[in-house]
Amino acid sequence: MKIGANLWIKIMEKNMDVKTKTMGTVSVDEKNIIDFPNGLLGFEDFHKYALIESEYKPFYWMQSLDESSLAFLIVDPFIIAEHYELDVDDKALSEIDVESSADVIVWAIVTVPADGGPVTANLQGPVVVNKKNNLALQVILADTKWTTKYNIIKALKAKGAK
């Protein structure tokens, strides 16, 4: 029996249903599941998260698989901070088996205050994901140039004005 490419891809995909905080139950490809061996800062007991595209580009949801009411809005920090750079020590990266900087994806956790205050990103405590094995960690950057409350809207407006 001959199997078409589209059917083969469907067979090879491994999806799981994830109960989310904001979108009900969604199907997520297992390649979009990341594991924090040590958890996130302040959320050390929660290890597995699904990365789910948000309805608002360029944001994603990092949805806990351990607790459906726990989800973080995240964004690629290089989109919002033109000169963003991070220096993470090799010891920290070895915890998630990073061999090369090409193996990582970096995310910033976003805060949307209920009081209507500025939408901010935590650029001082980025999430680093090893895309080869989906292990992740949150690091604290020693460089005080970056803040935990980087104003996203202000930065994007300034970027658009250039």
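All values reported here derive from a predicted model rather than from experimental measurement.

Analysis parameters
- Residues numbered from 1 in each chain as written.
- Predicted model: local features only at pLDDT ≥ 70, side-chain atom pairs only at ≥ 80, totals over all residues.
- Heavy atoms only, no water.
- Core = buried A, V, L, I, M, F, W, Y, C linked by side-chain atoms within 4.5 Å.
- Buried < 20%, exposed > 50% of the residue type's maximum accessible area, 1.4 Å probe, protein only.
- Helix = DSSP H or I, 4+ residues; strand = E, 2+ residues; numbered from the N terminus.
- Contact = heavy atoms within 4.5 Å.
- Patch = residues over 30% accessible without salt bridge, like charges linked within 9 Å, V, L, I, M, F, W, Y side chains within 5 Å.
- Areas by Shrake-Rupley, 256 points an atom, 1.4 Å probe, with all protein chains shown as cover.
- Salt bridge = Lys/Arg side-chain N within 4 Å of Asp/Glu carboxyl O.
- Lys, Arg positive; Asp, Glu negative; His and termini not counted.
- Charge placed at Lys NZ, Arg CZ, Asp CG, Glu CD.

Undergrad: It is not clear to me how the nonpolar core should be interpreted in this structure. Could you clarify?
TA: A general feature of soluble globular proteins is that nonpolar side chains tend to end up buried together. If you look at the biggest cluster of nonpolar residues, it comprises 32 residues, and the most contacted ones within it are Val28, Tyr84, Val110, Leu123 and Ile152. Listed by contribution, the elements that provide at least two residues to this core are strand E2 (25-29), strand E4 (48-53), strand E6 (71-75), helix H3 (90-94), strand E7 (104-111), strand E8 (120-130) and strand E9 (135-138). Residue contacts for Val110: discarding those within four places in its chain leaves Phe59, Leu73, Ile74, Val75, Val119, Thr120, Ala121 and Ile152. Membership of the second largest hydrophobic core comes to 14 residues, among which are Ile34, Leu40, Tyr49 and Leu70.

Undergrad: I tried to follow a negative patch on the surface on my own but got confused; where do I start?
TA: A contiguous patch of negative charge, built from Glu85, Asp87, Asp89, Asp90, Glu95 and Asp143, is present on the exposed surface. Relative to the assigned elements, Glu95 resides in the loop between H3 and E7. Owing to a relative accessible area of 45%, Glu95 belongs among the partly exposed residues under this scheme.

Undergrad: Which parts of the structure should I look at to understand the pattern of salt bridges?
TA: Pairing is possible between side chains that carry opposite charge, provided their charged atoms lie close to one another. By the definition in use, this model includes three salt bridges. A salt bridge links Asp35 to Lys48; the nearest nitrogen and oxygen atoms lie 3.8 Å apart. Taken as a pair, Asp35 in strand E3 (residues 33-35) and Lys48 in strand E4 lie far apart in primary sequence, 13 residues in all. Relative accessible area serves as the criterion here: at 21%, Asp35 is assigned to the partly exposed category. Taking the relative accessible area as the measure of exposure, Lys48 reaches 37% and is therefore partly exposed. Between Lys57 and Glu53 there is a salt bridge, with the nearest N and O atoms lying 2.4 Å from each other. On the basis of relative accessibility, which here comes to 43%, the residue Glu53 falls in the partly exposed class.

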